[in-house]
Amino acid sequence: MRHNKSFNHLGRKKAHRDALLANMTISLIMHKRIFTTLAKAKALRMYAEPLINRAKEDNTPNRRLVFSHLQNKNAVTELFREIAQKIADRNGGYTRIIKTGNRLGDNAKTCFIELVDYNENMMKQPGAKKTGRTRRSRKGSAEKAVEAPAAEAPKAEEAAE
């Protein structure tokens, strides 16, 4: 029974699970987006978001705490320099999980997990959309098309004279 067990053990012992989540967090920080299974992504989100939140305040104790989890100087530097600037005004929800379907071999649910502020496609302003076409009758646009060439015809004749 799973009474009062609050996180997914991912079929691994504690040391193996910690190493897996630390390595996935390093990859997420360095590459900004990784492809994995849904269960691992949900476990990674619980592991990585508190570490990302620590990066908002750049001081020695926070750097040491994050380094004790990750054990990678390059990832800690990237987190505290570039990523911390982008998430400074965000109160939480630093990662996004996008489901991509099932894997062919074992039918496992797969997904992308990415840092929210680094996806250019999702960050586009909603007001910058193109003017959409409507599915209304073309009766009004046909009348405008007929009027436009008639108006241009006298100009062409004047240019010929």
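This one's a predicted model, so the numbers in the text were calculated from it and none came from an experiment.

Draft legend 1. Expanded view of a positive patch on the surface. Side chains of Lys42, Arg45, Lys99 and Lys109 sit close together on the surface and give a patch of like positive charge. If you trace the backbone, Lys99 turns up in strand β2 (residues 95–102).

Draft legend 2. Representation of the pairing of β2. Where β2 and strand β3 (residues 109–115) come together, seven bridges link them in antiparallel fashion. Bridge pairing links Ile98 to Phe112 in β3. If you look at the hairpin formed by β2 and β3, you'll find six residues sitting between the two strands, and Asn107 has a positive phi there, around 60 degrees.

Draft legend 3. Quick look at helix α3 (residues 60–70). Listed as buried for α3 are Asn62, Val66 and Leu70. Along the long axis of α3, the arc covered by the buried residues comes to 60 degrees, so they all point the same way. Turned more than 90 degrees away from the buried face of α3 sit Pro61 and Arg64, all of them exposed. Looking at the buried positions of α3, the neighbouring elements they touch are α1 (14–31), α2 (38–54) and α4 (73–86). At the N-terminal boundary of α3, the capping side chain belongs to Asn59, with an oxygen 3.1 Å from the backbone nitrogen of Asn62. One or two residues past the end of α3 sits Gln71, with phi positive at roughly 60 degrees.

The rules behind these values
- Residues numbered from 1 in each chain as written.
- Predicted model: local features only at pLDDT ≥ 70, side-chain atom pairs only at ≥ 80, totals over all residues.
- Heavy atoms only, no water.
- Patch = residues over 30% accessible without salt bridge, like charges linked within 9 Å, V, L, I, M, F, W, Y side chains within 5 Å.
- Areas by Shrake-Rupley, 256 points an atom, 1.4 Å probe, with all protein chains shown as cover.
- Salt bridge = Lys/Arg side-chain N within 4 Å of Asp/Glu carboxyl O.
- Lys, Arg positive; Asp, Glu negative; His and termini not counted.
- Charge placed at Lys NZ, Arg CZ, Asp CG, Glu CD.
- Helix = DSSP H or I, 4+ residues; strand = E, 2+ residues; numbered from the N terminus.
- Pairing = 2+ DSSP bridges.
- Buried < 20%, exposed > 50% of the residue type's maximum accessible area, 1.4 Å probe, protein only.
- Arc of directions from axis to C-beta.
- Contact = heavy atoms within 4.5 Å.
- Polar contact = N/O pair within 3.5 Å; in protein donor to acceptor, adjacent residues only side chain to side chain.

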